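Architecture and fold: a report
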Amino acid sequence: MVQILDGKAMALQIKDEIANEVRSLTQAGHRAPHLAAVIVGEDGASKTYVANKEKSSREVGFTSSVYRMPESTTEAQLLETIAFLNNDPDIDGYIVQLPLPKHINEQTIINSISPDKDVDGFTPINIGRMVLGEDCFVPATPMGICTLLKRYGIETAGKHCVVLGRSNIVGTPAANLLSRKGFDCTVTICHSKTQNLKEMCRQADILVVAIGKPEFVTADIVKPGAVVIDVGIHRVEDASKKNGYRVIGDVKHDEVDAQCSWVTPVPGGVGPLTIVSLLENTLKAYRKHESR
Ligand code: GUN
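These remarks concern the structure in this document. (Residues numbered from 1 in each chain as written. Predicted model: local features only at pLDDT ≥ 70, side-chain atom pairs only at ≥ 80, totals over all residues. Heavy atoms only, no water.)

1. What about empty space enclosed by the protein?
To keep things clear, this is the line we draw: In this analysis, the protein atoms alone were mapped onto a 1 Å grid. Cavities are point sets where a 1.4 Å probe fits without being able to get out; pockets are open sets with protein on both sides within 12 Å along at least five of seven lines; lining residues have an atom within 4 Å of a point. Grid points are joined across faces, edges and corners, and a volume is the space filled by probe spheres set on the points. A run of DSSP states H or I qualifies as a helix once it reaches four residues; a run of E qualifies as a strand once it reaches two. Both are numbered from the N-terminal end.
Within this structure, the stated rule accounts for two cavities of 30 Å³ or more. In this model, the largest cavity occupies a volume close to 40 Å³. If you trace the largest cavity, you find it lined by L35, A36, A37, V50, K53, E54, S57, S64, S65 and V66. Elements that contribute at least two residues to the lining of the largest cavity include exactly β2 (34–40), α2 (44–59) and β3 (63–69). Of the residues forming the lining of the largest cavity, the biggest block, four residues, is contributed by α2. Quantified by volume, the second largest cavity comes out at close to 30 Å³. What lines the second largest cavity is V96, L98, I110, I113, D120 and F122.

Shown next as structure tokens:
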């Protein structure tokens, strides 16, 4: 029988834990943690993500601010905003929502974020620390995956984990974290040039799918009893829905779920944990900031 890794319920529980901690802090006379976000341009999905992050921040009692900049913003102007955020003692952590407009070099921007405020864990310093197993900010989506596996008590040691996708934000850090002490998986990373990708997937005890292709993973490539983590988020038109669309993942759930031991639904699986991980990183940044 398949069991659901209920990210929505877990996110509510962790948000409650964070809210309680923030309440104790503010009742003791301390300021609330402050998470800021920068968004450049009008990308619809990015606007939704930032709105959700802002809403969740406020729900747990954080101070939240959003810097909205037009599509025409130059790299120099964005760097000025980042310098301001780096130096503002009231801000504990911030994110620069990706993707950025084509005329702005994403890596230049990421490199300019202060590692102490990099709650997305995207800067080379934090990635380096993560790979070395040092204390750091871990990128939110892989951190959410780890939280789900840990809190549900999924056995990972010695298991073969296949990660589909090698992005800097999800696939690469997820593969790194799951191979390290604590998770102890044997990890294979698959990508667009992988030969025998289907055979690789069929060997996975734990399959992490972050390939960005709607319903790419079908039942024939999933080992019976596998744990399947679906990171995909795609909107598809659906006239029967009030808003005109529904959200699907990288996994064809109607045929895959029945043969899994555990599976993350879409929506309500990894997504809610991603936002919660960002809140956890912000609380961590706050504690470090306050103890300086
Ligand atoms: N774009 C897609 N996912 C993310 C994320 O986790 N952080 C930021 N900053 N941008 C994103």
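There is more to say after this.
2. Details of the sheet that holds strand β6 (residues 186–190)
Formally: Following DSSP output, two strands are said to pair if at least two bridges run between them. Should any heavy atoms of two residues lie within 4.5 Å, those residues are counted as being in contact. Only the contacting stretch of a helix is used when fitting its axis, a line to C-alpha atoms as for every element, and angles between N-to-C directions run 0 to 180 degrees.
Taken in spatial order, the six strands line up as β1-β11-β8-β7-β5-β6 in an open sheet, and their pairing is parallel. Since the sheet does not close on itself, it has two edges, and those belong to β1 (3–4) and β6, each with one partner. Relative to strand β11 (residues 260–263), strand β8 (residues 226–230) runs parallel, the two sharing three bridges. Bridging from a neighbouring strand, V227 pairs with W262 of β11. Strand contacts of helix α7 (residues 171–179): β5 (160–164), β6 and β7 (206–209), with the helix running at about 165 degrees to β6, the strand carrying the most contacts.

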